[in-house]
Structures are given as structure tokens and as C-alpha cells.
Amino acid sequence: MNTLAAVMQLLVAAAFVSIPLVRHRFGPVAKAAAEAELRRQNIRPEVLAENKLRFDASGHETAAPVAVAVVMTAVAALNLAGAHPAQLLTWIFSSFVVLMNAVIVYSNLTAVQSVEAAFRRKGDSELARVQVAPFLQAAEKAFPGWVRAQTYLRNTVVFGGSAVALIAVSLA
């Protein structure tokens, strides 16, 4: 059962690594689309850079998913080795990953409201005028159609894989 847990944890790790890979590959195209939408709204595209708003995989957009992948890979290795702390660490980190992914899904579902609030908090009058829904839609449409399916698959792997890993170590 530890092998099953490890395989699930490695799938979860791969799912998290896919996040910055997609953003790195298609972020510049999404940024260009978002800037075009800002121009359509008569807002200077430079307002994004001035407020340190990015569409690429820099900073925490890479660090957080890669850190999750490293931790899940390490716990998978412990499971494969049959190490004593593997069960406890699986319970800790697989549970954490489920909760963290739930926050990510919630953030994606409430993106318009969250971005509107963030833009208001910035205190930039030009940024506050942005019509957020079409701005985000323009960026989203710049990603290939398969990215939406990949997002659903990633969430299924993260939630399902973590659940299977938890069950597997419980039965071991």
C-alpha cells in the first residue's frame, strides 16, 4: 500500500509542477491579451508593471508549486523505502495539499471579486477603473483550450491522489 501512496504522491507532485510550466509557456501571451483589453478600456497597460502585476511564472507562482512537488516527492520516497515516518508525513502533507488546493480552486472561482478588491487596495486610481471581468477573460482566452481540461485533470489528480494516498497509508 505504501507503493500506491507513493505513486499518488508523485502524481500530485507532477500536477503541481504543471502550474508554473503552463504559466511560463503561455503567460506572455496572456499578458499581451490583458494589455490589449486594458487599451480597449482606455487604461494604460503600463499600470500592470507599475503595480507589479504579472502573468508569468515568477516568484511565488513557481516557488509554491515547486515546493509542494519537492515535499510530495520526498514523502513518496519515504513511502517507497517503507520508512517509519512516512505514514505520519503522508497524513500531514497530503491533508495540507488537499486544503491548499481547495483554496486555489476557491480563488479561481472568485477571481473577479478578489482581483477587484486587490485593485482597490492598491490605491491606484487608474487600476481601480479596470473592468476586471473582461480583463481576466481576455487573459484566460489567451491560454490554449486544453489548459482548462488540464486544470480539471490537475484538480482531480490532487484531490483524488491525495485521498488515495491517505487511504493507502491507513491500510498499510
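**Examining the overall build of the protein chain**
Argument step 1. For the protein chain, the helix and strand inventory stands at 8 helices and 0 strands.
Argument step 2. C-alpha atoms of the protein chain, sized along the principal axes, occupy 60 × 30 × 20 Å.
Argument step 3. Within the protein chain, the proportion of its 172 residues that are buried is 37%.
Argument step 4. At a minimum sequence separation of 6, the contacts of the protein chain that also span at least 24 residues come to 82%.

**Digging into the layout of surface pockets**
The gaps of empty space that remain are located by a probe, the size of a water molecule, rolled over the atoms.
Argument step 1. When its volume is computed, the largest pocket comes out at roughly 1900 Å³.
Argument step 2. As for the largest pocket, its lining consists of 47 residues, of which Arg23, Glu61, Ser107, Asn108 and Ala111 are closest to the centre.

**Some words on the packing of aromatic side chains**
Argument step 1. What the rule picks out here adds up to 4 aromatic pairs.
Argument step 2. With 5.8 Å between their ring centres and 75 degrees between their planes, Phe26 and Trp146 make a pair best called edge-to-face. Pair noted here: Phe26 is in helix α1 (residues 2-40) and Trp146 is in helix α8 (residues 146-171), with a separation of 120 residues, a long-range link.
Argument step 3. The exposure class of Phe26 is buried, given its relative accessible area of 14%.
Argument step 4. Chaining the aromatic ring pairs together yields one cluster made of Phe26, Phe143 and Trp146.

**Re the environment of Ile104**
Argument step 1. Tracing the backbone through its elements, the reader meets Ile104 in helix α4 (residues 86-109).
Argument step 2. Between the C-alpha atoms of Ile104 and Asn155, which are 51 residues apart in sequence, the distance is 9.5 Å.

**Some points on the packing of helix α5 (residues 111-122) against helix α7 (residues 132-142)**
Argument step 1. At a minimum axis separation of 9 Å, α5 and α7 run at an interaxial angle of 115 degrees. Here the hand of the crossing between α5 and α7 comes out right-handed. Taken together, the residues of α7 that come into contact with α5 (itself represented by Ala111, Val112, Val115, Glu116 and Phe119) are Val132, Ala133, Phe135 and Leu136.
Argument step 2. Looking at the contact of α5 with α7 residue by residue, the classes come out as 8 nonpolar, no polar and 1 charged.

**Here we look at the pattern of salt bridges**
Argument step 1. Evaluation of the coordinates by the stated rule reveals 7 salt bridges.
Argument step 2. With its nearest N and O atoms 3.6 Å apart, the salt bridge here joins Glu35 to Lys31. One end of the pair is Glu35 and the other is Lys31, both in helix α1 and 4 residues apart, which spans about a single turn.
Argument step 3. Residue Glu50 pairs with Arg44 through a salt bridge whose shortest N-O separation is 2.7 Å.
Argument step 4. By relative accessible area, Arg44 is classed as partly exposed at 36%.
Argument step 5. Residues joined in a network through salt bridges with shared partners are Arg44, Glu46, Glu50 and Glu126.

**Some thoughts on α7**
Argument step 1. Of the positions making up α7, those classed as buried are Val132, Phe135, Leu136, Ala138, Ala139 and Ala142. The buried residues of α7 all sit within an arc of 155 degrees when viewed along its axis, so they share a single face.
Argument step 2. Against the buried residues of α7 lie α1, α2 (46-50) and α5.

**With respect to the nonpolar core**
Argument step 1. Core analysis: the largest hydrophobic core is formed by 19 residues, its most contacted members being Ala30, Leu38, Phe55, Phe119, Val130, Phe135 and Phe143.
Argument step 2. If you list the elements that add at least two residues to this core, you get α1, α2 and α7.
Argument step 3. Setting aside chain neighbours within four positions, we find Val130 in contact with Leu38, Gln41, Ile43, Phe119 and Phe135.
Argument step 4. Counting 10 residues, the second-largest nonpolar core is a separate cluster that includes Val12, Ala13, Met72 and Val97.

Definitions and cut-offs
- Residues numbered from 1 in each chain as written.
- Predicted model: local features only at pLDDT ≥ 70, side-chain atom pairs only at ≥ 80, totals over all residues.
- Heavy atoms only, no water.
- Helix = DSSP H or I, 4+ residues; strand = E, 2+ residues; numbered from the N terminus.
- Buried < 20%, exposed > 50% of the residue type's maximum accessible area, 1.4 Å probe, protein only.
- Contact = heavy atoms within 4.5 Å.
- 1 Å grid on protein atoms, 1.4 Å probe; cavity = no way out; pocket = protein on both sides within 12 Å on 5 of 7 lines; lining within 4 Å.
- Points joined across faces, edges and corners; volume = space filled by probe spheres on them.
- Phe/Tyr/Trp six-rings, centres within 6.5 Å; stacked < 30°, edge-to-face > 60°.
- Axes fitted to C-alpha atoms, helices over the stretch in contact; angles between N-to-C directions.
- Left-handed = near helix turned anticlockwise from the far one by under 90°.
- Nonpolar A, V, L, I, M, F, W, Y, C, P; charged D, E, K, R; others polar.
- Salt bridge = Lys/Arg side-chain N within 4 Å of Asp/Glu carboxyl O.
- Arc of directions from axis to C-beta.
- Core = buried A, V, L, I, M, F, W, Y, C linked by side-chain atoms within 4.5 Å.

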